[in-house]
Amino acid sequence: MLSIKAALAKPFAKRIYKKVQKWANNPIETQDKVFKELISEATQTAFGKDHDFVSIKTYQDFVNRVPIRDYEALKPYVDRVVAGEEDVLWKGKPIYFAKTSGTTSGAKYIPLTKQSMPNHVNAARNAILLYIHETGNAKFVDGKMIFLQGSPILTEQNGIQLGRLSGIVAHYVPKYLQKNRMPSWETNCIDDWETKVDAIVEETVNLDMSIISGIPSWVQMYFEKLQLKTGKKVGDIFKNFNLFIFGGVNYEPYRAKFENLIGRKVDSIELYPASEGFFAYQDKQNQKGMLLQLDSGMFYEFVKADEFFDDNPKRITIKDVEVGVNYVMLISTNAGLWAYNIGDTVMFTDTKPYRVIVSGRIKHFISAFGEHVIGKEVEQAIKEATANTNIRINEFTVAPQINPKSGLPYHEWFIEFENQPEDLSALAKKIDQSLQQQNSYYFDLIAGKVLQPLQISKVEKNGFQNYMKSIGKLGGQNKIPRLANDRKIADALKGYLLPK
């Protein structure tokens, strides 16, 4: 028999489903409305005045006045907001800064405003409600739910609260879920990731966990520690665990390992959250891709990834995108980001409604020889090569080897195996063939004897975790890039390799 909470979840889910359908079925009008509202609201900000927002009447006016910017280019404005100035990027002051680890600029401070904050909270909620509406399964709302996330401890700077996004969102968990939610506040505040996961295992091992959520690589660590403590499969420890919610990386390379750790298949919901906005979530169990959030105070633009570094790349809106093309995604938001390059590349799987997959990072690609290999391709290659085998992979990354000791250059794959392949060279051949089929540039380079087929270097057990720990990036929202155009990570991993 359903509890009151589970019974109430179904009509609420139906209501939200209808609301989502309304904007999803009117995508162009929805985005036009968001665009006009954003421009109107920000006309009197410093950014709006500098870019003549008052005279913007069309999308083309916006393109003409507002150039594409990444964080480095927007930083002079952000610095003014951090210093306490009002009405800079958005009216008033942000209520939070989501602090993320930057690259060249050190820490990045991404503003979160009173208007943008509901987007982060509602999208995660709606993803679960649409799952309830589709499957009719609401029993899990009575079980315990775990969200592996950053510390909710916030600091303050010039009247603005500062923390990691997942820690900020922790303050917005609705009251009706607070009793079900794990880990405890005290455990969530532990900074050291390994200590935190150990504490979470102790707190949850005897509970009825029904939803588990987090970045796959860190949930994997939690599952492994549970198994080590109990000697049981996770699905036997938590009999009612039937829903895994994840984001941040593609789940497919982890799926076989997870099903082995759990001992059975469980439903999953993919999310696409970032400090800059909650962009998409999986709305159908049997459809590929995540529903792009078009009615959440964010206006989207897209640039073809292979044209992005041209002098004047063409910017388009959703009405002109095509399925299967690799795009850099730009956003303008009610948190004060304008034609902002978040660094992700996406591909549309559908335009009725608009669904996307994350195909990689515009900075994370290999084109040392003109091959333009992207994250989606390496993930697909490893999925195809290990399908219907006992091979299980914990983690991997790829880098070019431009100056080998002998022979032609090649792509070097660093792989940490849970279950080793019987024939490493056969696996390498399968991966290489898949890449050649997917990427004509790579095929031509192999066929033309510019590159030799890829080579695999085996990483020792927990090698990736130890590497991340060595650079102070174990846990939280940190993840290994799937590929890089240089050998910075590759060279650092040399200390974690198994002998050949």
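Analysis parameters
- Residues numbered from 1 in each chain as written.
- Predicted model: local features only at pLDDT ≥ 70, side-chain atom pairs only at ≥ 80, totals over all residues.
- Heavy atoms only, no water.
- Helix = DSSP H or I, 4+ residues; strand = E, 2+ residues; numbered from the N terminus.
- Buried < 20%, exposed > 50% of the residue type's maximum accessible area, 1.4 Å probe, protein only.
- Phe/Tyr/Trp six-rings, centres within 6.5 Å; stacked < 30°, edge-to-face > 60°.
- Pairing = 2+ DSSP bridges.
- Salt bridge = Lys/Arg side-chain N within 4 Å of Asp/Glu carboxyl O.
- Polar contact = N/O pair within 3.5 Å; in protein donor to acceptor, adjacent residues only side chain to side chain.
- Contact = heavy atoms within 4.5 Å.

## Here's the deal with unusual backbone geometry
Next up, step 1: Between Met182 and Pro183 the backbone carries a cis peptide bond, its omega angle lying at -5°.
Next up, step 2: With respect to the helices and strands, Pro183 occurs in the loop between strand S6 (181-182) and helix H9 (185-188).
Next up, step 3: Its identity as a non-glycine residue notwithstanding, Asn388 has a phi of 60°, on the positive side.
Next up, step 4: Its location among the elements puts Asn388 in the loop between helix H14 (375-386) and strand S18 (392-401).
Next up, step 5: In this structure Asn388 comes out as exposed when scored by relative accessible area, which is 85%.

## Notes on the packing of aromatic side chains
Next up, step 1: By the definition in use, this model includes 25 aromatic pairs.
Next up, step 2: Residues Phe97 and Tyr109 carry aromatic rings whose centres are separated by 5.9 Å and whose planes lie at 85° to one another, so their mutual orientation is edge-to-face. Linking Phe97 in strand S1 (residues 96-101) with Tyr109 in strand S2 (residues 107-112), this pair joins segments that are twelve residues apart in sequence. Here Phe97 matches Tyr109 in class, with each residue buried.
Next up, step 3: Taken together, the ring pairs in this structure connect Tyr272, Phe279, Tyr300, Phe302, Tyr327, Phe348 and Tyr354 into an aromatic cluster.

## Section: the sheet that holds strand S11 (residues 290-292)
Next up, step 1: Within the open sheet, the eleven strands sit side by side as S6-S3-S7-S8-S9-S10-S11-S15-S14-S13-S12. Their pairing is mixed. One side of each edge strand has no neighbouring strand; the edge strands of this open sheet are S6 and strand S12 (298-304).
Next up, step 2: Both strand S8 (residues 243-247) and strand S9 (residues 267-274) contribute to a ladder of five bridges, which runs parallel. Pairing of Gly247 across the sheet is with Leu271, part of S9.

## Let's talk about the pattern of salt bridges
Next up, step 1: Counted by the stated rule, this structure contains 21 salt bridges.
Next up, step 2: Between Glu395 and Arg482 there is a salt bridge; the shortest N-O distance is 2.6 Å. One end of the pair, Glu395, is in strand S18; the other, Arg482, is in the loop between helix H17 (463-470) and helix H18 (488-492), and 87 residues separate them in sequence. Arg482 matches Glu395 in its accessibility class, with the two residues each being buried.
Next up, step 3: Through salt bridges with shared partners, a single ionic network connects Glu224, Lys257, Glu418 and Lys461.

## A few points about the side chain of Thr204
Next up, step 1: Of note, Thr204 is situated in helix H10 (residues 193-204).
Next up, step 2: At a separation of 2.8 Å, a polar atom in the side chain of Thr204 contacts the side chain of Tyr222.
Next up, step 3: Aside from chain neighbours lying at most four places away, what touches Thr204 is Ile146, Met182, Met209, Tyr222 and Phe238.

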